[in-house]
Amino acid sequence: MSKEEKKVNRRDFLFTASYTVGAVGIGAVIWPMIDQMNPDKAQQALATTEVDISSIEPGKSITVLWRGKPVFLKRRTPEEIAEARAVNLDDLPDPQKDEERVKEGKDEWLVMLGVCTHLGCVPLKDKGDYNGWFCPCHGSHYDVSGRIRKGPAPTNMEIPKFEFVDNNTIKIG
Amino acid sequence: MSEHEYTPKSKAGKWFNDRLPLLTLGAHLTDYPTPKNLNYWWTFGGILTFCLITQIVTGIVLAMHYVAHADLAFASVEHIMRDVNYGWLIRYIHSNGASMFFLAVYIHIFRSLFYGSYKSPREVIWIIGLLIYLLMMAAAFMGYVLPWGQMSFWGATVITNLFSAIPLVGDSITTWLWGAYSVDNPTLNRFFSLHYLIPFLILGLVVLHIWALHVPGNNNPVGIDIKKPSKDTVPFHPYITIKDAFALLVFMIIFAGFVFFTPNVLGHSDNYIPANPLVTPAHIVPEWYLLPFYAILRSVPDKLGGVILMFSAIFILFVLPWLDTSKVRSAVFRPIYRQFFWILVIDVLMLGYVGAMPAEGIYLVLARVGTIYYFLHFIVVMPVVGYLEKTDPIPMSISEPVLTGVAEPSIARKVNDKI
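It should be emphasised that the depicted structure is a prediction, and the values quoted were computed from it without experimental measurement.

**Student:** So what exactly am I meant to see when it comes to the sheet that holds strand E6 (residues 131-135) of chain A here?
**Tutor:** The strands that make up a sheet pair up through hydrogen bonds in the backbone, lying either parallel or antiparallel. Residues and elements named next belong to chain A. Strand order in the open sheet formed by 4 strands is E5-E6-E7-E8, and the pairing between neighbours is antiparallel. Every other strand in the sheet has two partners, leaving strand E5 (124-125) and strand E8 (148-150) as the edge strands with one partner each. In this sheet, E8 lies alongside strand E7 (residues 140-143) in antiparallel orientation, the contact comprising 2 bridges. Counterpart to Tyr-142 in the pairing with E8 is Ile-148.

The structure is reproduced here in structure tokens:
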């Protein structure tokens, strides 16, 4: 190679500048094409659901749909709460106290996404080895607090953002 | 491509061919020198082309009647089945056609594994073929979602949730795939769009697959390089076309048997229940052609580990040409590899079987044994056997076993040696 070819010249600058501007331009066009696939405004508008819980007896649960996903609302009996709190945290794959999964003073209400954290199936209630839920798809067992105990699921069932509007109404989302 | 020059006979033909050499291409495809010893395992390329065209034609017709909306999709499929003229026939051809497509592609892939068709100089053909196979799986999965039955919905949920295993960005990716916070109408819409697109991508790759094939020419059951054209080759037309046509006819009889006599045997009755996001069917299984990979996924007690292993099971095939260290292509001359090949066949069939069974007890044990062997076969057996194995003598040409009157090519050389 001769010396002139190695030297950085005006043409190299033009090439680099053109590539850079071109890359920015392509990125600016590609991003809208990617982002259009994210949840749209209509989907986001469905972000909250209010549920009347006055008719749920202790020990019973209902399932409501929130953002297309089932949410379990369970009114637990004192025995079930005691059982959930008696568990040694060292026995849990994803250690979390039962107290952290409910609202303080509303300990009987367990509100959680009824979605198995493995691959998204809906677990069946009052089944499995731990008196809680059992996912029929790949065999994950959850306890009365919805915590994973056995099987391929990596984490406890998720607690969504929720609040008590009054004593009889829960707002999810 | 073709070495020899071609000149159209008619003046108009010559005029056109000078401007766009389509007639040259046609002549190349007609005269294409093909090994004369190709057996019926080589007819599946043609059968697969037929399958692709069948899926595209029936799919375009079905799209004229189908509605891609969560509230209407299920009813529109029933409308196709009950109201549309011959709708039942077209849909059953399309749904069973997917299974027949996979049946043919698996035979095609194992043919390649047995006769070493993936080896130099045909690596690119192999890799393009695997890309086609990946797209086929994507198309089949999305197509299965479209009727919006229970299996559609929960199959889509389970498969898209595989991506949530990716650390950090997993959940964002799943939401992005869904276009919602669960599998919902936006998911159905985009799956329909992509399901319509993918077959045409496959068609493009098929053109590249055949193009790449026509550079070195076909492998053959003996697996040796041949001069072309020579005594060892015959023109593609009419010799191979007629053989392909006969095989296709037999294949179509089996195909028609499914369509007319047991159109639902390969499906799941749960998919005739409309999708319900509140209830998961008790026993979720994918379509039969994905079962071996499903068994691998479930054999690992860890979410991310299972997903990684399942994808590795497919992607390991891409480096197969470099994992196989044997210089000899055809397993006909590889006494040790030949046995491992059949173990692999049995292993994959077994994985498919346990994939359909509940993941517990003996099935889980079998799934784990099967998974371990699957990977051992490619990572250990192929490099080591290729290195250590003493292969049988290889004939000098294809004509040799024929001309010496010995049917089994592996002993042809020994007979020749005596002479």
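**Student:** What am I meant to see in the state of the cysteines here?
**Tutor:** In a disulfide, the sulfur atoms of two cysteines are held together by a covalent bond. Residue and element names in this part refer to chain A. Under the definition given, this model contains 1 disulfide over all chains. In this model, Cys-121 is linked to Cys-137 through a disulfide, with the two sulfur atoms separated by 2.1 Å. Here the disulfide of Cys-121 and Cys-137 is left-handed, its torsion about the S-S bond being about -100°. Of this pair, Cys-121 sits in the loop between strand E4 (109-113) and E5 while Cys-137 sits in the loop between E6 and E7, and the two are 16 residues apart along the sequence. By the burial criterion, Cys-121 is buried, and Cys-137 matches it. The cysteine Cys-116 is free of any disulfide, with Cys-135 supplying the nearest cysteine sulfur at 3.8 Å.

**Student:** What's the story with the sheet that holds strand E2 (residues 61-66) of chain A in this structure? I'm lost.
**Tutor:** Residue and element names in this part refer to chain A. Spatially, E2-E3-E4 is the arrangement adopted by the 3 strands of the open sheet, whose pairing is antiparallel. Each end of this open sheet is capped by a strand with a single partner; those strands are E2 and E4. Pairs of neighbouring strands in the sheet enclose a mean axial angle of 20°, with direction left out of account. Note: strand E3 (residues 69-75) against E4, 5 bridges, orientation antiparallel. Residue pairing across strands places Lys-74 opposite Leu-110, the latter belonging to E4.

Reading the values: rules and limits
Residues numbered from 1 in each chain as written. Chains lettered and ligands numbered in written order. Predicted model: local features only at pLDDT ≥ 70, side-chain atom pairs only at ≥ 80, totals over all residues. Heavy atoms only, no water. Pairing = 2+ DSSP bridges. Helix = DSSP H or I, 4+ residues; strand = E, 2+ residues; numbered from the N terminus. Disulfide = S-S within 2.5 Å. Buried < 20%, exposed > 50% of the residue type's maximum accessible area, 1.4 Å probe, protein only. Axes fitted to C-alpha atoms, helices over the stretch in contact; angles between N-to-C directions.

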